[in-house]
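Okay, here's what each chain looks like letter by letter:
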Amino acid sequence: MKRLVSMTVNGEEIELAIPPYRTLLDVLRNEGRLTGTKKGCDVGDCGACTVIMDGSPVNSCLVLGIEAEGATIETIEGQHAGPDLPHLIQEKFMDHGGAQCGFCTPGIIMMTKALLKENPNPTESEVRFAIAGNICRCTGYAKIVDAVLAAAEDLRKGRTL
Amino acid sequence: MRPFEYHEPKSLAEASALLCALGAGASIFAGGTDLLVEIKEELRSVSHVLNIKKIEGLDALSFDKAEGLSFGALVTARRIETDAAVLRHYPNLATAVSLLGSIQVRNRATVVGNICRASPSADTIPPLIADAATLSIHGPTGERSVAVEDFFTGPGRTVLKAGEIVTGVHVPPPAATSGKAYIKHGRRKAMELATVGVAVSLDRGRSGCDEIRIALGAVAATPIRARKAEALLRGRAIDPALLAEAAEAAMNESTPISNVRASAAYRRDMVGVLTRRAVGIALEARP
Amino acid sequence: MTIHQKPHTQDNLEDGKRQFSVVGKSVRRTDTFEKVTGLGKYSGDIELPGLLYGKMKRSDIAHALIKNIDVSKALALKGVKAVLTHRDVPRILHYGSPHPRSASCTRDQYILDDRVRYWGEGVAAVAAESEEIAEEALRLIHVEYEPLPAVFTVADALKPEAPLIHDNGLDKNNVMPPVVIRRGDVEKGFAEADLILENEYVLGRPVPGYMEPNVCACQWDGNGKLTIWSSTQTAFMVRGILAEVLGVPYNKVRVIVDHMGGGFGAKQDLFQHEFLCALLARQTGRPVRMEFTRKETFLGGRTRHSGKIRLKQGFKADGTITARHARIVLDGGAYGSHSPGVTTVGTSALTSLYRCENVDLEGRAIYTNTPIAGAFRGYGVVQTYFALDLQMDEAAERLGIDPAELRLRNAVRTGDLAPSDHPVVGHGLEACIRRGLDEVDWKAARAATAAQPGGVKRRGWGIGCEMHGSSAYPGIKEQGNAIVKMNEDGTVTLLTGTAGLGTGAHTALSQIVAEEIGIPFSAVQVVTGDTDIVPWDIGAFASHTTYMGGRAAQIAAAEVRRQVLEQAAPLLEAAPEKLAIREGIIHVEGANRSISLKEVVSPKRGMPAAQIVGVGTYSPTKSYSFAAHFAEVEVDTETGEVAVLQVVPVHDLGKVIHPIAAAGQIEGGIQQGIGHTLSEDYVIDLTNGRSLNPSFVDYKMPLSMDMPPIRTIILEAAPDPGGPFGAKGVGEDPIIAIGPAITNAIYDAIGIRFRHYPITPEQVLNALRAKQKEAA
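Residues numbered from 1 in each chain as written. Chains lettered and ligands numbered in written order. Predicted model: local features only at pLDDT ≥ 70, side-chain atom pairs only at ≥ 80, totals over all residues. Heavy atoms only, no water.

**As for the overall build of chain C**
The helix and strand inventory of chain C stands at 19 helices and 29 strands. Relative to the compact-globule value of 28 Å for 776 residues, chain C shows a C-alpha radius of gyration of 27 Å, a close match. Across its three principal axes, chain C shows a C-alpha extent of roughly 95 × 75 × 45 Å. Within chain C, contacts between residues separated by at least 24 positions form 80% of all contacts whose residues are at least 6 apart in sequence. Accessible area of chain C: about 26,000 Å², with a carbon and sulfur share of 50%. Of note, chain C has its 82 positive side-chain charges centred 1 Å away from the centre of its 91 negative side-chain charges. (Helix = DSSP H or I, 4+ residues; strand = E, 2+ residues; numbered from the N terminus. Rg over C-alpha atoms; globule rule 2.2 N^0.38 Å. Contact = heavy atoms within 4.5 Å. Areas by Shrake-Rupley, 256 points an atom, 1.4 Å probe, with all protein chains shown as cover. Lys, Arg positive; Asp, Glu negative; His and termini not counted. Charge placed at Lys NZ, Arg CZ, Asp CG, Glu CD.)

Take a look at the structure:
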């Protein structure tokens, strides 16, 4: 008993037939063919599946796909402007070594975007608090924090998210 | 995830009727952050999910100096955490909520859901017990109100009867000279299940401690009051020796278990340390 | 085409005056845009029409014979396309690990056996139209077990009445072949000692915790060729073992690894699902994907070896170490995997770091009915240097010598015999210690902690040191290969077989190629991760990717450069040795004549130029990187909690190719090491072998708020003649020294010596109480 669900993903309205027990994460990855959002634990412990839903960062593994009816979803694939045109936050992650294996990166970038929208001038501890639910096992977080703070600094110089 | 049927009741009456009709395999879905994990990990057999987000009136949050704080079953943890009134008047609740999972989880999880899950280690429950909060419950036979303190009957078990739904929480207004604190003990600074949680709510009043309530999480089958510790402190000028005595009493009131997270002995020890520290913070706090 | 391998001579090292144009700069990584945009394809992201979902049924008993498996209900479920049990798969004993026939691994695994040896071992697999149907099918499989007696500790496994877990153990017991190293005269050494220390060290069971759960997808084409997309560090090993077990030639197995979400050593093994997925795909004629849940990465993954080390050392009053005696017993878990290799590397590491002529070392790994211990960053050395560096601290105190000073006096240096029996090059360890002492102002820092007044929170500073080999030689004879092709527009294409498990290795290799030829970094494209295209490579492990793969790339690039200059020489009317390439322009040294590289290699009068290709093959021996870590901790004496306040790691890497990537390795290693030391332990129920914390909630890895500031310092103190431009490895080093640094800092803070990891708050509190009681 699939249901038709329509949502706006990265600015594009899509309609998908999905069973009610499928998570938004699985819907995005399978039916939506957007595999940039990662499944690291599937139970809300790691943050790799973070997307922005109606303006708020959520673990898409803990959202049912059918709940996204009418919702606006932002995923990692919708952030850059084109080939070689990274989003400000992506640019900083590239230049500061914020991504190593990259599996946690889409989730952390989406979380960073949500943070900077709310608080464009975060302290280091505010950054660490904001990404507390995003597990990175490669970097020790130092370079991720560097990247987020560098993005915030560029925001202060007039760049936009 | 094991397949289930999905329902979107439009009213409390409809939700309640569905719960009654569908029986034990039916579960209320609000934030989903616990429920979906329990279904995925096969900790719970759920054949019907009732999403109550389409029911109007459950997402209100209000604070009034005379009336206190009220919020509905759909109010998320993150909304409580960032609400100016909560931050100012209920710092114990604000702290506890900010320690629940991640921001992503808190954007979905509801405080009422955290309560209804009835985990002995739930972060939001001790401050609500300490603040003498009550729950509004809608059921097939009407409405009733239950103190948070009296809501739990065991791990994962509550006084809710068939067809009953918790619709909101009411927290009494803080006294002019109130002091509140919550301290959580875990191995990490975030993404933790409390090994011990201690909440304190007191009114310094004239004596320095006219009234005090202490609630302990993760050290008994349900969150509990440390009544003997409270009695030692109530109406007394608190000095370090008295505080140590009260901490000792709180330790003796707890009946923790040992598991992979911590041993019973260590949990009991931490009840002592954290009770002392939390009362200390609450005594210092100035709203 | 020429195979060109430079001998190991000093002339590979730069004289320190060379100006580097690409090497040493933190260029933008080749793979990073795809990672930050989500465009990069990990093995679980591959879209295949008609995909089936595979799942594995795992045992809920630790040691048993399978009497019967009833799959009839599962097969009858609508949407189930295949079910496999031990009756349906080839029964071939295989190496679970990538180095077949090397001494590092054991050959003791079947794809599916009629017996299970640990809780969570795969006993059956299904393929179905959806994940939910596959899960439901697993519930419908009924396994009848005949329980066997099981052992969950090394002590129990060594008892005479212990059940045999495998019949290939030495003397028919559960012991894998021991590693014995004896040098000098230990008896004499102890007789000459002024101080003898003997302690037992107990090692916990951390897991790698990579973010990408194990996953593979398999598809067979009409010609009987298998393509497998797998999250593996060792694509060519996967190809070899799969081909042998499936009975097909190597050129009918194609392994593709594009992006990879970490491995930390554990993804060197072949896991059951990789075989089963291939078999399910063959049987159904459809592509199949098998992806571990997070819980399965714990149950069916690989852990670091837990165990015990008894270490005895003799010291002279001046700090000279006169003898070292160690007995190392590691818990290998239910299958051998890398146990022999880990035991060898860990045991032999104790011959070095701090000089000692008389050593008597024995290491053994023991089978138990617990999850498989395998390869994990630090590979045995984490364990043995934890013991060694803790005892050094204790010795320093007993001898009245500053702990850093004692290490300096004993630090291995040029000419000393390294664990691999090669001479150490340079004074890397000494340089790291000295730099760190300056950086943290060690004397003042220690004086401050010694003078701190009593209080609830107490601070301490500690030091830990390490050395680790780049490459697994002599345990494994490794080889790296690279092909560099010149394109007719002057750009080059680098083909490398090394896996990109997340370290930035492909970028480093591209930098090396650009530097060697004399072209901009942007002129190099790197092709990786497809065994049908790239040259053979043993895999990404043992801190050897930049060292070995980089050197192979350098050799290939040098050959390309040689051919380019040969073609340019007549055009510039100068001998090739008079020519230099800078930024893609070929100059005649000392003359004002130049030509662009593009002009040399592009078609002339419509005639294509001859193809320029360089092949580099490099079989390394050994090189050692060094580090000293300095850590400051704060102990809450009421709760026993230990907070790491700051870490200063100093690493000697010979020559750093990409500073940010190298620092990222160091900082990530420290994160894992802090976890190992203070919070991470994969706990097994000793009554039945079941895992008690197979989740990220209960397996406590340090997260953003737990991580202290890290001031990373990289030295180029002791370049190695074997590495590209003198570069050495960095992957494994940073996880080793941090544990001792923290543990020694805890001693500095509260005067209690812990000789195990992880050190829990409860243990700290209990120890503080015992100490108080003793004092009273």
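**Side note on the pattern of salt bridges**
With the rule as written, the count across this model stands at 84 salt bridges over all chains. With a shortest N-O distance of 2.5 Å, lysine 225 of chain C and aspartate 532 of chain C are connected by a salt bridge. Remark: aspartate 532 of chain C occurs in the loop between strand S21 (524-527) and helix H15 (545-572) and lysine 225 of chain C occurs in the loop between strand S11 (215-220) and strand S12 (226-230); sequence separation between them is 307 residues. Of the residues examined, aspartate 532 of chain C reaches a relative accessible area of 37% and is grouped as partly exposed. A salt bridge links aspartate 393 of chain C to arginine 407 of chain C, with the shortest nitrogen-to-oxygen separation between them at 3.1 Å. You can see aspartate 393 of chain C sitting in helix H10 (residues 381-399) and its partner arginine 407 of chain C sitting in helix H11 (residues 403-410), a full 14 residues away along the chain. Each member of the pair aspartate 393 of chain C and arginine 407 of chain C is classed as buried. Connected through salt bridges with shared partners, the residues Glu149, Glu211, Arg213, Arg225, Arg227, Glu230 and Arg234 of chain B form a single ionic network. (Salt bridge = Lys/Arg side-chain N within 4 Å of Asp/Glu carboxyl O. Buried < 20%, exposed > 50% of the residue type's maximum accessible area, 1.4 Å probe, protein only.)

**As for the interface of chain A and chain C**
Often, the extent of an interface is quoted as the loss of accessible area on bringing the components together. Contacts between the two partners involve 50 residues from chain A and, on the opposite side, 53 residues from chain C. Taking both partners together, chain A and chain C bury about 4,100 Å²; carbon and sulfur atoms supply 55% of that area. Contact with chain C buries surface across chain A, with Met94, Gln100 and Arg137 of chain A losing the most and accounting together for 21% of the total. In this assembly, chain A and chain C are joined by 7 salt bridges. (Buried area = accessible area lost by both parts, 1.4 Å probe.)

**Side note on the sheet that holds S21 of chain C**
Residue and element names in this part refer to chain C. Strands sit in the order S21-S20-S19-S25 across an open sheet of 4 strands; the sheet is mixed. Each edge of the sheet is formed by a strand with only one pairing partner; in this case those strands are S21 and strand S25 (613-618). With strand direction ignored, the average angle separating the axes of adjacent strands in the sheet is 20°. With 5 bridges connecting them, strand S19 (residues 480-486) and strand S20 (residues 492-496) associate as antiparallel partners. (Pairing = 2+ DSSP bridges. Axes fitted to C-alpha atoms, helices over the stretch in contact; angles between N-to-C directions.)

**Describing the domain arrangement of chain B**
Residues and elements named next belong to chain B. Considered domain by domain, chain B is made up of domain 1 (5-53), domain 2 (61-171) and domain 3 (178-284). Computed from C-alpha coordinates alone, the two centres of domain 1 and domain 2 are separated by 19 Å. Domain 1 puts 15 residues into the contact, and the matching count from domain 2 is 15 residues. Along the contact surface separating domain 1 from domain 2 lie 1 salt bridge. A salt bridge links glutamate 38 to arginine 117, with the nearest nitrogen and oxygen atoms 2.8 Å apart. Our count for the contact surface shared by domain 1 and domain 2 stands at 2 residue pairs in polar contact (both at pLDDT 80 or more). Listing elements by their share of the side of domain 1 that touches domain 2, those giving two or more residues are helix H1 (12-22) and strand S2 (26-29). Considering each element in turn, the side of domain 1 that touches domain 2 owes the most residues, 6 residues, to H1. Looking at the side of domain 1 that touches domain 2 residue by residue, the classes come out as 9 nonpolar, 3 polar and 3 charged. (Domains from an automatic or database assignment. Polar contact = N/O pair within 3.5 Å; in protein donor to acceptor, adjacent residues only side chain to side chain. Nonpolar A, V, L, I, M, F, W, Y, C, P; charged D, E, K, R; others polar.)

**Remarks on the pairing of strand S2 (residues 64-70) of chain C**
All names here are of chain C. Taken together, the 2 bridges between S2 and strand S6 (residues 115-116) define a ladder with antiparallel strand orientation. What sits directly across from leucine 65, in S6, is arginine 115. Relative to strand S8 (residues 142-147), S2 is paired through 6 bridges, and the arrangement is antiparallel. Bridged to isoleucine 66 within S8 is tyrosine 145.

**Looking at the packing of aromatic side chains**
Centre distance and the angle of the planes are the two values used to describe a pair of aromatic rings. The final tally for this structure, using the stated rule, is 13 aromatic pairs over all chains. Aromatic pair phenylalanine 103 of chain A and tyrosine 42 of chain C: ring centres 5.4 Å apart, planes at 80°, arrangement edge-to-face. Of the two residues, phenylalanine 103 of chain A sits in the loop between helix H2 (88-95) and helix H3 (105-118) while tyrosine 42 of chain C sits in the loop between helix H1 (32-37) and strand S1 (52-58), which places them in two different chains. As far as the burial class goes, phenylalanine 103 of chain A and tyrosine 42 of chain C line up, both buried. (Phe/Tyr/Trp six-rings, centres within 6.5 Å; stacked < 30°, edge-to-face > 60°.)

**Structural notes on the domain arrangement of chain C**
Residues and elements named next belong to chain C. Here chain C is partitioned into domain 1 (10-40 + 479-618), domain 2 (44-150 + 216-286) and domain 3 (429-459 + 624-776). Counting the surface lost from both domain 1 and domain 2, the interface buries some 1,700 Å², and carbon and sulfur atoms represent 51% of this. For the pair domain 1 and domain 2, the interface holds 3 salt bridges. Joining domain 1 to domain 2, the criterion identifies 8 residue pairs in polar contact (both at pLDDT 80 or more). For the side of domain 1 that touches domain 2, the residue count by class is 8 nonpolar, 7 polar and 6 charged.

**Concerning the interface of chain B and chain A**
Opposite the 27 residues of chain B that make contact, chain A presents 29 residues. Taken together, the two surfaces of chain B and chain A that pack against each other cover about 2,200 Å², and 62% of this comes from carbon and sulfur. Summed over the shared surface of chain B and chain A, the number is 4 salt bridges. Across the salt bridge formed by glutamate 67 of chain A and lysine 53 of chain B, the nearest N and O atoms sit 2.6 Å from each other. Scanning the region where chain B abuts chain A turns up 9 residue pairs in polar contact (both at pLDDT 80 or more). Of all the elements in the fold, those that place two or more residues in the side of chain B that touches chain A are strand S1 (5-7), helix H2 (35-40), helix H3 (77-82) and helix H6 (103-106) of chain B. Sorting elements by how many residues they give to the side of chain B that touches chain A places H6 of chain B first, with 4 residues.

**Section: the side chain of threonine 284 of chain C**
With respect to the secondary-structure elements, threonine 284 of chain C resides in helix H7 (residues 272-284). Beyond its immediate chain neighbours, meaning those up to four positions away, threonine 284 of chain C contacts Leu52, Lys81, Ala82 and Ala127 of chain C.

**Looking at the environment of leucine 330 of chain C**
Residue and element names in this part refer to chain C. Looking at the secondary structure, you find leucine 330 in strand S16 (residues 321-333). Exposure remark for leucine 330: the relative accessible area of 2% places this residue in the buried category. Put simply, leucine 330 and glutamine 671 are 341 residues apart on the chain and 24 Å apart in space, counted from C-alpha to C-alpha. Aside from chain neighbours lying at most four places away, what touches leucine 330 is Val154, Leu203, His305, Ser306, Gly307, Val342, Thr343, Arg364, Ala365 and Ile366.

**Some thoughts on the packing of H11 of chain C against helix H12 (residues 428-440) of chain C**
Residues and elements named next belong to chain C. Viewed as axis vectors pointing N to C, H11 and H12 meet at an angle of 160°, and their least axial separation amounts to 9 Å. On the basis of the axis angle, H11 is roughly antiparallel to H12. Regarding H11 and H12, the two cross each other, and that crossing is left-handed. Along its contact with H11, which presents Ala404, Arg407 and Leu408, the element H12 presents Glu430, Ile433, Arg434 and Leu437. (Parallel < 35°, antiparallel > 145°, perpendicular 65-115°, else oblique. Left-handed = near helix turned anticlockwise from the far one by under 90°.)

**Remarks on the nonpolar core**
By size, the foremost hydrophobic cluster in this structure holds 234 residues, and its most contacted members are Ile73 of chain A together with Ile746 of chain C. At 11 residues, the largest contribution of residues to this core is made by H10 of chain C. Discounting residues that sit within four places of it in the chain, isoleucine 746 of chain C has contacts with Val633, Val635, Val642, Leu678, Gly751, Ile752, Phe754 and Ile759 of chain C. Counting 46 residues, the second largest nonpolar core, distinct from the first, contains Leu509, Ile517, Ala523 and Ile581 of chain C. (Core = buried A, V, L, I, M, F, W, Y, C linked by side-chain atoms within 4.5 Å.)

**Some words on the sheet that holds strand S12 (residues 196-203) of chain B**
All names here are of chain B. Taking strand neighbours across the sheet as the criterion, the 4 strands line up as S11-S12-S13-S14 in an open arrangement whose pairing is antiparallel. Since the sheet does not close on itself, it has two edges, and those belong to strand S11 (178-185) and strand S14 (224-225), each with one partner. As defined by bridge partners, strand S13 (residues 211-217) adjoins S14 across 2 bridges and the pair is classed as antiparallel. The residue of S14 that forms the bridge with alanine 215 is arginine 225. Against the sheet, helix H11 (residues 264-284) touches S11, S12 and S13, its axis set at about 30° to S12.

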